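Observations on the model geometry
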Amino acid sequence: MSQTHFQGEPVPLVGNLPKVGDHAPDFSLTKADLSDVSLADFRGRKLVLNIFPSIDTPTCAASTRAFNEKAGLLPNTQVVCVSADLPFAASRFCEVEGLKNVMHASTFRDPSFLRDYGVAIAEGPLVGLAARAVVGIDEDGVVLHVELVNELTNEPDYNAVIAELAR
């Protein structure tokens, strides 16, 4: 069992993060229009999964804005922001902020994504939400980059995933 931290306190996680070189676990998430989206929908494109607890927190909002800006630098790449937020709330955030280079997908219908990607918060006040992580996946569904952010209130290393996907 891995862990992250929240305000310095350990937060245990359920599941295992995929490893670089593994095939990314399939998933079924819910898009803003309430349709399902899976890993297969991105076949032939690179994919960044920006995983976080909730768009309604400053750090999650900042990571969504940052990936929106950086996504334009990567050809043939889709950034998907993944959280348990309802699709309506996340869509409204992106619309208000004018974010066009990222999409949001929710775990609210099928939380198995959280376990399959090793980011399910196991206990405490944030149980049911995702830890902050970034997973970069190539056009064939192979994991190229994985980062589990050690402190939930910190932003991920944007440049690391961008550099890996730009190769």
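Everything in this summary refers to the structure shown in the same document. (Residues numbered from 1 in each chain as written. Predicted model: local features only at pLDDT ≥ 70, side-chain atom pairs only at ≥ 80, totals over all residues. Heavy atoms only, no water.)

1. Observations concerning the nonpolar core
Residues Phe27, Leu49, Ile51, Phe113, Tyr117 and Val119 are the most contacted members of the largest nonpolar core, which totals 30 residues. Listing elements by their share of this core, those giving two or more residues are β2 (9–14), β5 (46–51), β6 (77–83), β7 (102–106), α3 (112–116), β8 (120–121) and β9 (133–137). Apart from the residues within four sequence positions on either side, Tyr117 is in contact with Asn16, Leu17, Pro18, Ala24, Pro25, Phe27, Leu49, Val135 and Ile137. Of all hydrophobic cores here, the second largest spans 20 residues; its members include Ile55, Phe67, Cys81 and Leu99. (Core = buried A, V, L, I, M, F, W, Y, C linked by side-chain atoms within 4.5 Å. Buried < 20%, exposed > 50% of the residue type's maximum accessible area, 1.4 Å probe, protein only. Helix = DSSP H or I, 4+ residues; strand = E, 2+ residues; numbered from the N terminus. Contact = heavy atoms within 4.5 Å.)

2. Observations concerning the pairing of β6
A large share of β6 lies buried, amounting to 7 of its 7 residues. Of the two faces of β6, the one holding Thr77, Val79, Cys81 and Ser83 and the one holding Gln78, Val80 and Val82 are both buried throughout. As paired strands, β5 and β6 are joined by 6 bridges and run parallel to one another. Bridge pairing in β6 places Asn50 opposite Cys81. Once you follow β5 into helix α1 (residues 58–71) and on to β6, the crossover reads as right-handed. With 5 bridges connecting them, β6 and β7 associate as parallel partners. (Pairing = 2+ DSSP bridges. Right-handed = clockwise from strand over helix to strand, strands pointing away.)

3. Considering the environment of Pro111
Relative to the elements of secondary structure, Pro111 occurs in the loop between β7 and α3. Overall, Pro111 belongs to the partly exposed group, its relative accessible area being 41%.

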